[in-house]
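# Structural overview for review
In case you want the letters, here they are:
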Amino acid sequence: MNLPERVKEVQNWLKADLAKVNNTFNSVEEFRLKYVGKKGLIPALFRDFGSLDADLKREVGRNLNILKKEAEEAVGQLRERLMANSSQDEEFDYTLPGMPFNRGNLHPVTKTMNRICDIFREMGFGIEFGPEIETDFNNFQALNFPDNHPARDMQDTFFIEDDILLRTHTSPIQIRTMLKKKPPIRILAPGRVFRNEAINSRSYCVFHQVEGLYVDENVSFAELKMTIEVFTKKFFGKDVQIRFRPSYFPFTEPSAEVDVSCFICGGKGCRLCKHAGWLEIMGCGMVDPNVLEACGIDSERYTGYAFGMGPDRITLLKYGINDIRLLFEGDVRFLKQF
Amino acid sequence: MIVNTKWLKQYTEIPFSPEELEEKLTFLGLEATIIKNPADKIGDVIISEIKEITPHPNADRLRICRVSTGTDEMDVVCGAPNVKVGQKVPLAKVGTTLPGGITLKPIKIRGVESRGMLCAEDELGLSDNHEGIMVLDENAPVGTELRDYLSANGVSFDIDLTSNRPDCASHIGVARDITLLTGKDLRIPEIEFTESDEPVRNYVDVEIVNTTGCPRYAARVICGVKVGPSPEWLVKFLTSVGLRSINNVVDAANFVLLETGHPLHTFDYRMIDGKKIVVRSAFDGEEVETLDGVRRELTKDVLLICDAKKPVAIAGIMGLANSEIKDDTTDILIESAYFDPATIRKGSKYLGLQTDASYRFERGADPEAVIYAINRLSDLVVRLAGGSVCQGVIDRYPRKIVQPEITVRFKRVNSILGIAFEPNWVAEKFIRLGCVITNRDDESITIIAPSWRPDLEREIDMIEEIVRIYGMHIVPNAKSMGIHPDFGAAGDYELIEKLRTRIANYGLYEVYNNSLVNKEFTEFGIQNFVPVKVKNPLSQDMAYLRTTLIPGLLQTAKRNLNRQNTDLPLFEFGFVQHYNPESETHAQEFQKFAILLSGYIEDKYWGYERRKADLFILKGIIQDIATQFGVREVSYKSEQHPHFDRLIMADINETQLAYFGQVSQNYLLKKWSIENPVFVLEGDISNLLQNTKTDKQYKELPVFPGIQRDISILVDLKVKVADVEKLVCNKGGVYLREVKFYDLYQRKNIDKRKKSLTFNLVFQAADRTLQDAEVDDIMVTIHKILEDELGARLR
């Protein structure tokens, strides 16, 4: 078939196909590709046009241009129609799920610890680390736990040797910091700690702590209260109530426990807070003068406060997890929830 | 420590409801919780009396009880075997709702109408007991509500005592703290007994050999007591604080313990040989049988109470079986002593035995309460069990316990607490605490602390008392806090958290594994370190500190596989420890990160074919971490190890950054019964951070277009991509900007011993547009060197 006839033929197909195009993206696209796409029928005609005899070129060229214009207009109109009624493209499945990015996740306790650190860093607390294996001096003696003192019972200890142990709290980091730096000191000490306690739904032999320490001239209990209040409101929300009540830790005096109003029931009493309306979230107090002196800091000139909390417990409370062992099991179905 | 309000009220007035008292004690540092009385939940159950019992006409095991409520009489059908005429029993009438939630309706049981129900303890929620109807005391008042009758014994509180407050392990101690809030008086019971003419020294003498362990020891003897049951009031009191009644003498001693906090011990005088009490240290290996029937071997750290011949008690901890009070005991010897806290604690720890007595002695009893307590007990014994108290007390006090004098500076109070206190207020509270004021001026107050408060030794202890009594919760917050250039330094924290977040963002889930592992875990992998062992582990499975994070991850993988979780992209951050005698803690610690991949590392998705875990994902992670942390020179080499089928080391200047590999399939099957391929990586965080460079510099963007060329070659399998790249770079000339390997093709259509490698090369000049011809020339030399050096065939 010669070129003029082929042009005619394509023109006929175009008309016939145009009538059959559905108002869907796929159908319009199929039509476009067939006629005006790079590998379509009309560009093919143009390619052959070059080798045509010169005398025929004029008429065929005109018809070809008309055909091309018709086809392009038809595609344009089809697209307009499609856009005007895009909702009628019934074959387009917008419910297909998007590409799943970034399935990974930090451990929920890491998230809690990071949040705690972030809030205190805004208040000028630096971060210090220390070893998990500690000396009895750093873990107990310097913290005003004498030998054979009942306060040692508060912290069942794993021993490596007689005076080397797995730290029972991150407080030895306070000691290490005070031994190497002069006040003013304002630091946070996060890390893993160990207690020789049977494993059950409420206790695990390994857990975590974040402690804080601020030592300078004229640091007072009133400042401690302010700091803790700022933290709890940022962490648990503006509406949370807090209360300080006296307690006992060998390394602080006065010592206090901090309770926040239960963030589930708002203080009315529920299962989470064991109907008390309050949740115990941290211990704190003024650094005992004996601790400062053990670190070579003049306790008459300097005073300070310290606080400590358990991000594992806070994580359990926050997400309503009822078994601490879940934190250490690494079940991916658990980890994916945070 | 359990205290009861009815009992507390004997020592001071308490103008608070139980709920108020709970809160006020808590704010005083005595964390109190009301012990919910199950009787509170009982509905309108009333006390009734059984007047008459007749058999049920239609059932052998049922009976009809005619019961009276005083104002009313009714018939109740009952199946319990223990009903008797005259009993006082709980009656739930029609309409009453029981704690279980059942509301009683009129009912006919086998044709007989029952207008109520006689209740067993379990039906009232009081206990699990369903043995029969609950039978009340004979004098229980008929017609009154059972709830009121049962809660007439006061409200009990559980006080979670901190270890610095032994004084509050007693009702008088708690009552004294309550007076700090109320300003009311504390009433200490008077002693009223009279002594006989018989001098106590005719019965016993006391010798203290170890005066460090026993600074004070007092004794009395009471003759002619009659051991028997305790009166009802005493049984009720003991029950209200969770104790069981034993007999009148032992109960009296327990009563005085809970009243005054002072532990006392009573001996059967018959069993005391030689009219003598000797306080001495035990001998190593000495054996005794305590009154709980257990034979115990002692050491010299244990303090003993002996008679002339034998031990009769472990001092401050527990009596021995040989001298305990028996039903036929008539003469008793009472011990009231002050034992050294550290001595008792050592003994109690050694024996693994904590008792009500040792709890108090090791925290510090009141050395001045010794005489009051022995007199109070003598008084009670005479009243409850009769007998006559011998004249006088043996009181040996060789080492006087002196209370310290403490000066409290008002300025110091202000600077610690951030709030000023009125000196008069402070003085008044100190007096209520039992302090004696020895000096007072404008700046300070000097006191002697009471003997029952061993925790008050220093100024700071008194400052704590001030804020405790004032109320910590009402100390106003400060308004601001200072800032200093030294504050806020975070060391490696930010980089470590950046690494952690980056790794999570590869699609990995962070896990926490136990740091305590079994010996086998410490033997895994390429290191050869001595692990650190725990002396007192929870179990042999947790006796060592981990030397590598990988076995923990394998264990977690196994746990997940057991639960049908087969796609495992996991990672962990943690410290590992190696024994190192040169370090202060005899250990060296390294912070590691570790990754485990198994199964698919991506979710199923319609738009792509998801990737399975493999070695080069781990290599990609190391490459990305190196880029992120500006580590430029990471070199890789392949190694062999029995735990790995494939193992690659990634080093920075000869020091290890990480190793990663495919875990040996044999090892996985044998050790873990894991069939799926598992890939692991362990990296050293400190080495990474040491080599981290943050000094990034911008490179100017090219102005002139570059020319790209692909090159595909067929080479022997043993040829490495890096070798090809090296040759290409050597011959690529100054304009070669980039060589990127991007396709590997093996087997199909080509020689089985060959592989096809494809690289993309970019040539670019900084100052002009390169010509195709120039690049063509370079490509010819590249082709040639690859043919010559590697026998490569161009494809």
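Residues numbered from 1 in each chain as written. Chains lettered and ligands numbered in written order. Predicted model: local features only at pLDDT ≥ 70, side-chain atom pairs only at ≥ 80, totals over all residues.

### Brief notes about the overall build of chain B
Defined as follows: Working definition: helices are DSSP H or I runs of at least four residues, strands are E runs of at least two. Numbering for both runs from the N terminus. Two things to know: the radius of gyration comes from C-alpha atoms, and the globule rule equals 2.2 Å times the number of residues to the power 0.38. Using C-beta atoms placed from the backbone, we call a residue buried if 20 or more other C-beta atoms fall within 10 Å of its own, exposed if 12 or fewer do, and partly exposed for counts in between.
Along the backbone of chain B there are 19 helices and 39 strands. For chain B, whose C-alpha radius of gyration is 42 Å, the value lies well above the compact-globule estimate of 28 Å for 795 residues. Structurally, chain B occupies a C-alpha span of about 130 × 85 × 60 Å along its principal axes. When burial is assessed residue by residue, chain B has 38% of its 795 residues classed as buried.

### Comments concerning the overall build of chain A
A tally of helices and strands in chain A yields eleven helices and ten strands. Dimensions of chain A along its principal axes, counting C-alpha atoms only, are 115 × 45 × 40 Å. Buried residues in chain A amount to 43% of all 338 residues.

### Things to note about the packing of helix 7 (residues 341-351) of chain B against helix 8 (residues 356-363) of chain B
All names here are of chain B. Heads up, the rule is: Every axis corresponds to a line fitted to the C-alpha atoms, with the helix fit spanning only the stretch in contact, and the corresponding angles, defined between N-to-C directions, vary from 0 to 180 degrees. An angle below 35 degrees is treated as roughly parallel, one above 145 as roughly antiparallel, one from 65 to 115 as roughly perpendicular, and anything else as oblique. In this scheme the handedness of a crossing depends on how the near helix is turned from the far one: anticlockwise by less than a right angle means left-handed, clockwise means right-handed. For every residue pair, C-beta atoms are placed from the backbone, and the pair is scored as a contact if these atoms sit within 7 Å. Here the nonpolar group is Ala, Val, Leu, Ile, Met, Phe, Trp, Tyr, Cys and Pro; Asp, Glu, Lys and Arg are the charged ones; every other residue, Gly included, is treated as polar.
As a packed pair, helix 7 and helix 8 sit with axes 7 Å apart at the nearest point and diverge in direction by 140°. Classified by the angle their axes make, helix 7 and helix 8 are oblique. Taken as a pair, helix 7 and helix 8 cross one another with a handedness that is left-handed. From helix 7, Pro341, Ile344, Arg345 and Ser348 reach across to helix 8, where they touch Ser358, Phe361, Glu362 and Arg363. Classifying every residue of the contact of helix 7 with helix 8 by side-chain character gives three nonpolar, two polar and three charged.

### Describing the environment of B:Glu31
Residues and elements named next belong to chain B. Turning to its location among the elements, Glu31 is positioned in strand 2 (residues 31-34). For Glu31, a count of 20 C-beta atoms within 10 Å gives the class buried. Considering only alpha carbons, one finds Glu31 and Ile46, 15 residues apart in sequence, at a separation of 35 Å. Those residues in contact with Glu31 that lie beyond four places of it in its chain are Thr26, Ile159 and Asp160.

### Some words on the domain arrangement of chain B
Applicable threshold: The start and end points of each domain follow an automatic or database-based domain assignment.
When cut into domains, chain B gives domain 1 (2-35 + 155-182), domain 2 (39-153), domain 3 (195-396), domain 4 (405-474), domain 5 (493-690) and domain 6 (707-794). The straight-line distance from the C-alpha centre of domain 1 of chain B to that of domain 6 of chain B is 86 Å.

### Things to note about the confidence of the model for chain B
For any part of a model where pLDDT is low, the fine detail of the predicted coordinates should not be relied upon. Our working rule: The pLDDT value tells you how sure the predictor is about a given residue, anywhere from 0 up to 100.
Confidence in the prediction of chain B, expressed as mean pLDDT, is 92, and 98% of residues score 70 or more. Note on the complex model: pTM 0.84, ipTM 0.85.

### Digging into the pairing of strand 31 (residues 587-598) of chain B
Residue and element names in this part refer to chain B. Counted only if it meets this: Pairing between two strands is assigned when DSSP locates at least 2 bridges connecting them.
The element strand 31 is largely enclosed, with a buried count of nine among its twelve residues. Two elements, strand 30 (residues 568-579) and strand 31, share twelve bridges in a ladder whose sense is antiparallel. The residue of strand 31 that forms the bridge with His578 is Gln588.

### Structural notes on the sheet that holds strand 36 (residues 707-716) of chain B
Sheet strands line up and pair through hydrogen bonds in the backbone, either parallel or antiparallel. Residues and elements named next belong to chain B. Taken together, four strands build an open sheet; the order of strands is 37-38-36-39 and the sheet is antiparallel. Either end of the sheet is taken by a strand with one partner, and the two such strands are strand 37 (736-746) and strand 39 (793-794). Note: strand 36 against strand 39, two bridges, orientation antiparallel. Bridge pairing in strand 39 places Leu714 opposite Arg793. Seen against the sheet, helix 18 (residues 721-731) touches strand 37 and strand 38 (754-763) and runs at an angle of roughly 150° to strand 37. Packed on one face of the sheet, helix 19 (residues 772-790) meets strand 36, strand 38 and strand 39 and runs near 15° to strand 36.

### Describing the interface of chain B and chain A
With 81 residues of chain B at the contact, the number on the chain A side is 71 residues. Of the residues in the side of chain B that touches chain A, the class split is 37 nonpolar, 27 polar and 17 charged.

### Here we look at the sheet that holds strand 2 (residues 133-135) of chain A
All names here are of chain A. The three strands lie next to each other as 2-4-3, forming an open sheet whose pairing is antiparallel. Each edge of the sheet is formed by a strand with only one pairing partner; in this case those strands are strand 2 and strand 3 (159-161). Along the sheet, successive strands turn relative to each other by an average axial angle of 35°, direction set aside. Looking at chain direction, strand 3 and strand 4 (residues 164-166) are connected through two bridges and run antiparallel. Residue Phe159 lies in a different strand from strand 4, and its bridge partner there is Leu165.

### A few points about the domain arrangement of chain A
Domain boundaries assigned for chain A yield domain 1 (3-88) and domain 2 (108-234 + 289-335). Taking only C-alpha atoms into account, the centre of domain 1 of chain A sits 77 Å from that of domain 2 of chain A.

### Re the packing of helix 5 (residues 108-122) of chain A against helix 10 (residues 311-319) of chain A
Residue and element names in this part refer to chain A. Running from N to C, helix 5 and helix 10 cross one another at 105°; their axes reach a closest spacing of 9 Å. When the axis of helix 5 is compared with that of helix 10, the two are roughly perpendicular. Packed against helix 5, whose contacting residues are Pro108, Val109, Thr112, Met113 and Ile116, the element helix 10 presents Pro311, Asp312, Ile314, Thr315, Lys318 and Tyr319 at the interface. In the contact of helix 5 with helix 10, the residues fall into seven nonpolar, two polar and two charged.

### A few points about the nonpolar core
Selection criterion: Buried Ala, Val, Leu, Ile, Met, Phe, Trp, Tyr and Cys residues whose C-beta atoms connect them within 7 Å together make up a nonpolar core.
If you look at the biggest cluster of nonpolar residues, it comprises 153 residues, and the most contacted ones within it are B:Ile595 and B:Val680. If you tally residues by element for this core, the top one is strand 9 (residues 278-287) of chain A, at seven residues. Those residues in contact with B:Val680 that sit more than four places away from it in its chain are B:Ile550, B:Leu553, B:Ala594, B:Ile595, B:Leu596, B:Phe660, B:Gly661 and B:Val663.

### With respect to the environment of B:Ile445
All names here are of chain B. Tracing the sequence through the fold places Ile445 in strand 26 (residues 444-448). Residue Ile445 is classed as buried on the basis of its C-beta count, with 21 C-beta atoms lying within 10 Å. Expressed as a C-alpha distance, the spacing of Ile445 and Ala658, which sit 213 residues apart in the sequence, is 65 Å. The contact partners of Ile445, leaving out residues within four places of it in the chain, are Val408, Pro423, Val426, Ala427, Phe430, Ile437 and Arg440.

### A closer look at unusual backbone geometry
Going from A:Pro183 to A:Pro184, the amide bond is cis rather than trans, its omega being 5°. Residue position: A:Pro184 is located in the loop between helix 7 (171-180) and strand 5 (185-194). With omega at -5°, the peptide bond leading from A:Glu253 into A:Pro254 counts as cis. When you line up the elements, A:Pro254 lands in strand 8 (residues 252-261). Positive phi outside glycine occurs at A:Asn144, with the angle close to 70°. Looking at the secondary structure, you find A:Asn144 in the loop between helix 6 (136-139) and strand 3. Given 20 C-beta atoms within 10 Å, A:Asn144 falls into the buried group. Even without being glycine, B:Ser673 reaches a positive phi, approximately 50°. Counting through the fold element by element, B:Ser673 comes out in the loop between helix 16 (665-672) and strand 35 (678-684).

### Concerning the environment of A:Phe46
All names here are of chain A. Topologically, Phe46 is positioned in helix 3 (residues 41-49). Phe46 gets classed as partly exposed once you count the C-beta atoms within 10 Å, which come to 13. C-alpha of Phe46 to C-alpha of Lys68: the two residues are 22 residues apart in sequence and 9.5 Å apart in space.

### Details of helix 7 of chain A
When helix 7 of chain A is considered as a whole, its buried residues turn out to be A:Ser171, A:Pro172, A:Ile173, A:Gln174, A:Ile175 and A:Met178. Of the surrounding secondary structure, the elements contacted by the buried residues of helix 7 of chain A are strand 2, helix 6, strand 5, strand 6 (206-216) and strand 10 (303-309) of chain A.

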